[in-house]
Amino acid sequence: MRGLFLAVLALLVVAGDTSRYIPQLVFNANAILASADQKSTRDVEADHMRAAFSLLWRAALLQAREESSQEASQQSAPSAVKADASAEQLLVAALEKINAHSEKESASADSVAFPELPNNIETTEVAKQQVSQNAERNYASDAYPLDTEYWLQKLVTLDNADAAWLLYQQKGSDGTSEEFMALAAKGNVPEAQLAYAMSSQNPKKREKWLIRAAEQGYVPAQAALADWYLLHDENAKAKPLLAATASLDMQSAFKYGRLLWDDGEFNEAKKYLSEAAQLGQTQAKDALAIIERYSPTALNNIKPYNWGEEGRCLQRIQPFASTLATMTRADSFYRKFNNDDRLASLSLCVAPPVWLQKDVLKCTDSFNNRNLLGCDVTPLASIAKKRQFSHAVVVAKQGKANVQNGVMYLDIGDTYSVFVHELAHFAGFADEYPIAKSMATKLCNTQRIGDFAPPNLVIDSPNYYSPIETVARWSAIDPNTIVAKAKTCEGLALKSYKPSRRITFMEHHDSGVIPPLYLVLWQQQLEKQEAQRPISMNFFQAFHHKGNQNEAAYWLATYEAFVAKSQSK
């Protein structure tokens, strides 16, 4: 009993020179914790723990007061207390150990390892007696709860960042926990800074806190900041971060290898890609396979392509990419298309992708200020003369998928289902989800829909549907066709219709079906080449805009020849 009495006495009777008493309080508390550490946690008296926490809390308060007093008097010399030990840190560490232990199964008999005693505090007789004697219950210790949240809350009142982070983790999704996360982040707890960054929807704030966490050498934050820079096309900033984490994380190794490849450091790139692949990173394995099958090729070294017998490929589609990431995606589209039994009956062909040298194509995510992915495709004209393709697919880094005059634009985030959806646009199919008002004013107009004549869409007209020929076409293919509502023109509060009650791939590319009627319509569209817009029209417009009238004239003639093929049949 004497040991516990002396511990409580040390808590209550503190006056005069705090630089003397604070280290003693810290030591006495540690002595009690060390005694507890020698026993099974089942046998540790709650009173022992309360007494130890009380001593550390009192020391922390005295430290805070002394530091505040020193700041007020503008003392520049470091506190003697700081040189001995931080009561706050020791209390947080003890609470953290108890938290970790409480998460173990109750059947565990493992002991809790508490912080080691400071080396620079002498062992006193009081401390020795606290360790050697069994304390009995004392009324003074009952004033202090044993649960960790109580003590963490008290530490938070001293702006203790580590305690705030522990409280945040304890409270989980509790609405009050956000303030603890913020306090911990501002107190330079890197885990909290990462969580604080990812909880923010403000781009500048997110980047700020990612940087602060990464600067502390916290690997998850460094990896997250690298991803942030990659997302915003700041590869030069991402590269050193990935270099720092590549040996610790297979995802970073893969991304670093990909950047090295695009920068022309091929041997180093293969090294990191191989390391990531050996650790099971599937994208790294895919990237190595691409490197084995393809290589970047100069425009004048691209060879002609054999499309097979005449009439088999009414659309000749050539994919292009210019980085390892986009080439990997382009190759996946090519391979999946050629294994897609749903589309096997269609007279369209997709060639293996061409790996262009870096910067051949100038692409942006808002080409011509339209908020859509697009590129200056005129460099592809020389390849089109050699390869005789009618349509192109350009896979770029980032931007909204779309089709413009025989060119499909996709980014590395687009899936194969997006590719198939956009492929139908090559044949004139309309979207069945609500389209933008600017497009709806053209397509959803009875006077203008005939200019587009989408095979899967009609709109209301005063007497019937428009175009009436489209409905007749549906009935000719399947007399039991049901005309169902579509969402295409909802943006203008107008009614539109499609030949299926089902949600099709033109409404939801990822979950919609391709009805048999749509496949018949698709093949009919391929055979009506005047209903298509091949890439030759795109070249004509681009060269005409640039003032190159010789090339413009060549591609206009090519377009007219393409259209004339089906008209002469």
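Residues numbered from 1 in each chain as written. Predicted model: local features only at pLDDT ≥ 70, side-chain atom pairs only at ≥ 80, totals over all residues. Heavy atoms only, no water.

A. Focus on the overall build of the protein. In terms of helices and strands, the protein carries 25 helices and 12 strands. Burial status across the protein gives 48% buried among its 569 residues. Pairs at least 24 apart in sequence give 61% of the contacts found in the protein among residues at least 6 apart. Element-wise, carbon and sulfur atoms account for 49% of the exposed surface of the protein, whose accessible area totals about 28200 Å². (Helix = DSSP H or I, 4+ residues; strand = E, 2+ residues; numbered from the N terminus. Buried < 20%, exposed > 50% of the residue type's maximum accessible area, 1.4 Å probe, protein only. Contact = heavy atoms within 4.5 Å. Areas by Shrake-Rupley, 256 points an atom, 1.4 Å probe, with all protein chains shown as cover.)

B. Focus on the pairing of strand 6 (residues 391-396). With 6 of 6 residues buried, strand 6 lies mostly within the body of the structure. Of the two faces of strand 6, the one lined by H391, V393 and V395 and the one lined by A392, V394 and A396 are each fully buried. By the bridge criterion, 4 bridges tie strand 1 (residues 315-321) to strand 6 in an arrangement that is parallel. When the sheet's bridge partners are listed, P319 is paired in strand 6 with V393. (Pairing = 2+ DSSP bridges.)

C. Inspection of the state of the cysteines at higher detail. One pass over the full model with this rule turns up 3 disulfides. Across a sulfur-sulfur distance of 1.9 Å, C313 and C349 are joined as a disulfide pair. Because the sign of the S-S torsion sets the handedness, a value of about -80° for the bond joining C313 and C349 places this disulfide among the left-handed ones. Of this pair, C313 sits in the loop between helix 16 (282-293) and strand 1 while C349 sits in strand 2 (residues 348-350), and the two are 36 residues apart along the sequence. The pair formed by C313 and C349 is uniform in burial state, with each residue classed as buried. (Disulfide = S-S within 2.5 Å.)

D. Summary view of the packing of aromatic side chains. Enumeration over the complete set of coordinates arrives at 15 aromatic pairs. Residues Y305 and W307 carry aromatic rings whose centres are separated by 4.8 Å and whose planes lie at 80° to one another, so their mutual orientation is edge-to-face. For Y305, a relative accessible area of 30% gives the class partly exposed. Using a relative accessible area of 4% as the deciding quantity, one classes W307 as buried. Both rings, one in Y465 and one in Y497, keep their centres 5.0 Å apart while their planes meet at 65°; by these two values the pair is edge-to-face. (Phe/Tyr/Trp six-rings, centres within 6.5 Å; stacked < 30°, edge-to-face > 60°.)

E. Examining helix 16 more closely. Here helix 16 spans 17 Å end to end across 12 residues, near enough to the 16 Å set by a 1.5 Å rise per residue. The elements touched by buried residues of helix 16 are helix 14 (250-262), helix 15 (266-278), helix 17 (324-338) and strand 3 (354-355). N-capping of helix 16 is provided by Q281, with a side-chain oxygen placed 2.8 Å from the backbone N of Q283. (Expected span 1.5 Å × (residues − 1). Polar contact = N/O pair within 3.5 Å; in protein donor to acceptor, adjacent residues only side chain to side chain.)

F. Representation of the sheet that holds strand 9 (residues 458-460) in the model. Taken together, 4 strands build an open sheet; the order of strands is 10-9-12-11 and the sheet is antiparallel. With partners counted over all chains shown, the strands left at the sheet margins are strand 10 (465-466) and strand 11 (484-486), one partner each. Here 2 bridges tie strand 9 to strand 12 (residues 496-498), and the two strands are oriented antiparallel to one another. If you follow V458 over to strand 12, its bridge partner there is Y497.

G. Representation of the pattern of salt bridges. By the definition in use, this model includes 14 salt bridges. We note a salt bridge from K255 to D227, for which the minimum N-O separation is 2.5 Å. Here the residue K255 occupies a position in helix 14, and D227 occupies one in helix 12 (residues 219-231), the gap between them amounting to 28 residues. The exposure class assigned to D227 is partly exposed, which follows from its relative accessible area of 34%. E507 serves as the salt-bridge partner of K498, at 3.4 Å between the closest nitrogen and oxygen. Neither K498 nor E507 differs from the other in exposure class; each is buried. What emerges from the salt-bridge pattern is a single network uniting K239, D263, E265 and K358. (Salt bridge = Lys/Arg side-chain N within 4 Å of Asp/Glu carboxyl O.)

H. View of unusual backbone geometry. The amide bond that connects S466 to the next residue, P467, takes the cis arrangement and shows omega of 0°. For P467, the position within the fold is in the loop between strand 10 and helix 22 (468-477). One non-glycine residue, D359, adopts positive backbone phi at about 70°.

I. Just the confidence of the model for the protein, in detail. Predicted confidence across the protein gives a mean pLDDT of 79, with 66% of residues reaching 70 or more. When mean pLDDT is taken per element in the protein, strand 3 scores highest with 98 and helix 4 (residues 80-84) scores lowest with 40. Below pLDDT 50 for its whole length, residues 40-44 participates in 10 contacts with residues either more than four positions away or in separate chains. Here residues 76-85 is modelled with pLDDT under 50, and outside its nearest four sequence neighbours on either side it reaches 18 contacts, counting other chains as well. (pLDDT = per-residue confidence, 0-100.)

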